[in-house]
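# Fold and geometry: a report
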There are 4 protein chains.
Amino acid sequence: MGKGDAAGAGDVATAEQLGALVAGEGWVVLTGGRPAGVMAAAYRGAKRVPGSLTIGILPAEAGPVAEGVDIAIFTGMGSGRNQINVLSSDVIVACGRGGAGTASEIALALKAGKPVVLVGATPEAIAFFHQLGGAGVTAVPTPEAAVAAIQRILAAAR
Amino acid sequence: MGKGDAAGAGDVATAEQLGALVAGEGWVVLTGGRPAGVMAAAYRGAKRVPGSLTIGILPAEAGPVAEGVDIAIFTGMGSGRNQINVLSSDVIVACGRGGAGTASEIALALKAGKPVVLVGATPEAIAFFHQLGGAGVTAVPTPEAAVAAIQRILAAAR
Amino acid sequence: MGKGDAAGAGDVATAEQLGALVAGEGWVVLTGGRPAGVMAAAYRGAKRVPGSLTIGILPAEAGPVAEGVDIAIFTGMGSGRNQINVLSSDVIVACGRGGAGTASEIALALKAGKPVVLVGATPEAIAFFHQLGGAGVTAVPTPEAAVAAIQRILAAAR
Amino acid sequence: MGKGDAAGAGDVATAEQLGALVAGEGWVVLTGGRPAGVMAAAYRGAKRVPGSLTIGILPAEAGPVAEGVDIAIFTGMGSGRNQINVLSSDVIVACGRGGAGTASEIALALKAGKPVVLVGATPEAIAFFHQLGGAGVTAVPTPEAAVAAIQRILAAAR
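Notes on the structure follow.

About the cut-offs
- Residues numbered from 1 in each chain as written.
- Chains lettered and ligands numbered in written order.
- Predicted model: local features only at pLDDT ≥ 70, side-chain atom pairs only at ≥ 80, totals over all residues.
- Heavy atoms only, no water.
- Helix = DSSP H or I, 4+ residues; strand = E, 2+ residues; numbered from the N terminus.
- Rg over C-alpha atoms; globule rule 2.2 N^0.38 Å.
- Buried < 20%, exposed > 50% of the residue type's maximum accessible area, 1.4 Å probe, protein only.
- Contact = heavy atoms within 4.5 Å.
- Buried area = accessible area lost by both parts, 1.4 Å probe.
- Salt bridge = Lys/Arg side-chain N within 4 Å of Asp/Glu carboxyl O.
- Polar contact = N/O pair within 3.5 Å; in protein donor to acceptor, adjacent residues only side chain to side chain.
- Nonpolar A, V, L, I, M, F, W, Y, C, P; charged D, E, K, R; others polar.
- Least-squares fit on C-alpha atoms with pLDDT ≥ 70 in both.
- Pairing = 2+ DSSP bridges.
- Right-handed = clockwise from strand over helix to strand, strands pointing away.
- Phe/Tyr/Trp six-rings, centres within 6.5 Å; stacked < 30°, edge-to-face > 60°.
- Axes fitted to C-alpha atoms, helices over the stretch in contact; angles between N-to-C directions.
- Parallel < 35°, antiparallel > 145°, perpendicular 65-115°, else oblique.
- Left-handed = near helix turned anticlockwise from the far one by under 90°.

Summing up its helical and strand segments, chain A has 6 helices and 6 strands in all. In terms of C-alpha radius of gyration, chain A reaches 14 Å, essentially the compact-globule figure of 15 Å for 158 residues. Taken over the C-alpha atoms alone, chain A extends approximately 40 × 35 × 30 Å along its principal axes. In chain A, which comprises 158 residues, the share counted as buried stands at 56%. When contacts within chain A are restricted to residue pairs at least 6 apart in sequence, those whose partners lie at least 24 apart make up 56%.

Following this line, the structure appears as structure tokens:
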């Protein structure tokens, strides 16, 4: 998860690399489906991996979908769809300096008891979400470290 | 779409055959994801086709999913998820003597301007939905006729 | 519940009378909140009764609300909000020749086990919803008969 | 908005005082409707004011409602209803040391462009939400200061 239209170049690069690494592990990439920012970059990265599978959960009732989305789910719920993103994921990764939408997804994930990985978050975000989620939140600096954290989370859940 | 727990044996057989035929066309099978009735049967049929892709849009926040669902989307919205089923589909097929949930999906599909195919519906359902949806509703007797109707609908939409 | 933009003059008159009668019983009037058709008429009728209380459950995230709505609930869910209309009501009244949105509300009400009253519905709608909902559906010709039906339903539920 | 089952005694006292002050201004009190924690306390405070009006937006499809709720809206959406709380409010007040649900509401409010007032939040929450929401977030120490902040916000919006 991460910023759409206002995403910075660094966060977009992180998201593309993360999408490729996640797909390379054979995991499904699910994010918000819009052709913008971190979402579009994650799909772009994932689709560099042959056989990857990607899902977009869209806020609109119909309309544009990011390139590289295999399965488009249209909710017509605006940011209300953030809860569906969270419930349908095993691990939620927040990519870069997320905006308010991303923060809502991290919070909804913690509410639902889902593990959260923060990649390249600000110190303020890390401090707040650690206070809120305790051991349910892992902060890492790079996409590679995010994948290692997800592996540990999935191994512990087995 | 069709009945879950209370589905009759004939409707279940129709759904399984329909799932196989739809998947055989290379189309994605999307229904309500629960391990019951028409939903479970449609996935069972689809999974007889190698390379088929199936999606379940579940009413619960977590929990059991029908065998044969490749992608499980958890909404936590109960029957509110019926709107998402409809918005995410190109054609809505109602299978057999549907219950109230199925009727809501047919109505939401017509509201959203999506084409509807009724397979083995009652005369009362056919009369009502024709009145409501006009040319947007096609009633057919068999799964084979449903697939032919979908092909005509998709060809006309191109 | 009833048609918005495409409501006929007869259905609008029925809705206004129904709104006044329902509010006159001291019951809260809840419908879809938009400034159109049956919704707007029901609020107009209700507000002729001093002390009436009216609720609008809106499909949009913000924007215009029918005159006479005391409490506006914005869902941003489009027709997905129909499920909330139904869950938040004790009795669902479908007013006149409803469209697809109204049909979805009747079906969702039956799915949720809520009693439904049809006022001035077509013979096709009456036949279909009786088949679907059995004793949960009461068809009546006039607003006065609808109020009498609601009184019987509420008395039986006590 | 604030914690339900796990609310601390101080936050509950703050919520009750806030409910009374908000209702005393003639404003409608809207929160999550459950008979627990900050929600229940806010309604309790509001109902000490004659003529107050209170709304509960509930996560469940049916079931228990906090005492003092005048209008119960059942969504059946779990924490997905947090988006509706936010869209239906003019100002969002987070009361005390909120949990993950409250954090999601603050974030969704900022996403929707709604003003947020934090009463008695932790330094980590204040730092994070200021970073996220800038001038859209006002942190205050007491219910009285919250009401003064809401008055300034409403006056500026006129």
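At the interface, 24 residues of chain D touch 24 residues of chain A. Interface area for chain D against chain A, summed over the two sides, is near 1800 Å², with a carbon-plus-sulfur share of 70%. On inspection of chain D and its partner chain A, the count reaches 0 salt bridges. The tally of links from chain D across to chain A stands at 4 residue pairs in polar contact (both at pLDDT 80 or more). Put simply, the parts of the chain that give the side of chain D that touches chain A at least two residues each are α3 (82–87), α4 (100–111) and α5 (123–133) of chain D. When residues in the side of chain D that touches chain A are grouped by element, the largest group, 8 residues, is from α4(D). For the side of chain D that touches chain A, the residue count by class is 11 nonpolar, 10 polar and 3 charged.

Below, the discussion takes up the interface of chain D and chain B. Each side of the interface is counted separately: chain D has 5 residues, and chain B has 5 residues. It is D:E61, D:G76 and D:M77 in chain D that bury the most area against chain B; as a group they hold 82% of the surface buried on that side. For the interface between chain D and chain B, the tally reads 0 salt bridges. Remark: the boundary between chain D and chain B carries 0 residue pairs in polar contact (both at pLDDT 80 or more). Within the side of chain D that touches chain B, the residues separate by chemical class into 1 nonpolar, 3 polar and 1 charged.

Let us now look at the relation of the copies chain D and chain A. Least-squares fitting of chain D to chain A yields an RMSD of 0.0 Å, with the superposition described by an axial translation of 0.0 Å and a rotation of 180°. In short, the pair behaves as if placed about a two-fold rotation axis. By C-alpha distance to the rotation axis, the residue of chain D lying nearest is D:S104, at 2.2 Å. Of all interface residues in chain D, 100% are interface residues in chain A too; the two copies therefore contact each other through one and the same surface.

What follows covers the pattern of salt bridges. A side chain of one charge can pair with a side chain of the opposite charge if their charged atoms are brought near each other. Residue and element names in this part refer to chain A. Within the structure shown, the criterion is met by 16 salt bridges over all chains. Salt-bridge contacts for R44 lead to E16; the nearest nitrogen and oxygen are separated by 3.2 Å. Of this pair, R44 sits in helix α2 (residues 37–46) while E16 sits in helix α1 (residues 9–24); the two residues are 28 residues apart in sequence, bridging distant segments of the chain. Overall, R44 belongs to the partly exposed group, its relative accessible area being 42%. Between K47 and D70 there is a salt bridge, and its shortest N-O distance comes to 2.7 Å.

Below, the discussion takes up the pairing of strand β2 (residues 54–58) of chain C. For a regular strand, the rule is simple: side chains alternate between the two faces of the sheet. Residue and element names in this part refer to chain C. Of all 5 residues making up β2, 5 are buried, and the element is well covered by its neighbours. What you see with β2 is no split at all: T54, G56 and L58 on one side and I55 and I57 on the other are buried throughout. Where strand β1 (residues 29–31) lies against β2, 3 bridges are found, and the strand directions are parallel. Along β2, the bridge assignment pairs T31 with G56. On the question of chirality, the crossover connecting β1 to the parallel β2 by way of helix α2 (residues 37–46) is right-handed. Examined bridge by bridge, β2 and strand β3 (residues 71–74) share 4 bridges and lie parallel to one another. Residue pairing for β3: L58 is matched across the bridge by F74.

Another aspect to go through is the packing of aromatic side chains. Any aromatic ring pair is given by two values, namely how distant the centres are and how the planes are angled relative to each other. Taken as a whole, this structure holds 10 aromatic pairs over all chains when the rule is applied. Relative to D:F129, the ring of A:F128 has its centre 5.0 Å away and its plane inclined at 70°; by these criteria the two rings are edge-to-face. With one member in each of two chains, A:F128 in helix α5 (residues 123–133) and D:F129 in helix α5 form a pair that bridges those chains. A residue is classified by how much of its surface remains accessible, and D:F129, at 2% relative accessible area, is buried. Every member of this aromatic cluster is reached through a ring pair, and the members are A:F128, A:F129, D:F128 and D:F129.

Bringing the sheet that holds strand β5 (residues 116–119) of chain C into the picture now. Residues and elements named next belong to chain C. With respect to topology, 3 strands assemble into an open sheet ordered β4-β5-β6, the strand pairing being parallel. In this open sheet, the two strands that pair with only one neighbour each are β4 (92–95) and β6 (137–140). Averaged over all adjacent pairs, the angle separating strand axes in this sheet is 20°, with direction ignored. The pairing of β4 with β5 spans 4 bridges and is parallel. Looking across to β5, one finds that C95 is bridged to V119. Contacts between helix α4 (residues 100–111) and the sheet are confined to β4, β5 and β6, with β5 contributing the most and set at about 150° to the helix.

The next subject is the relation of the copies chain D and chain B. For these two chains of identical sequence, chain D goes onto chain B by a turn of 180° and a shift of 0.0 Å along the axis, with RMSD 0.0 Å. The fraction of interface residues of chain D whose copies in chain B are also interface residues reaches 100%, indicating that both copies meet through the same surface.

The next thing to look at is the sheet that holds β1(C). Residues and elements named next belong to chain C. Read from one edge of the open sheet, 3 strands run β1-β2-β3, paired in parallel fashion. Either end of the sheet is taken by a strand with one partner, and the two such strands are β1 and β3. The mean inter-strand angle of the sheet, taken between neighbouring strand axes irrespective of direction, is 15°.

Take the pairing of strand β4 (residues 92–95) of chain A next. Both faces of β4(A) are covered, namely the face carrying A:I92 and A:A94 and the face carrying A:V93 and A:C95. The β-α-β motif built from β4(A), the intervening helix α4 (residues 100–111) of chain A and the parallel element strand β5 (residues 116–119) of chain A has right-handed crossover chirality.

Here the focus is the packing of helix α4 (residues 100–111) of chain B against helix α5 (residues 123–133) of chain B. Residue and element names in this part refer to chain B. Relative to each other, α4 and α5 sit at 20°, their axes nearing to 10 Å. By the criterion of interaxial angle, the relationship of α4 to α5 is roughly parallel. The way α4 lies across α5 gives a crossing that is right-handed. Taken together, the residues of α5 that come into contact with α4 (itself represented by A103, I106, A107 and L110) are F129, L132 and G133. For the contact of α4 with α5, a count of residues per class yields 6 nonpolar, 1 polar and no charged.

Read these as spatial facts, not as claims about activity.
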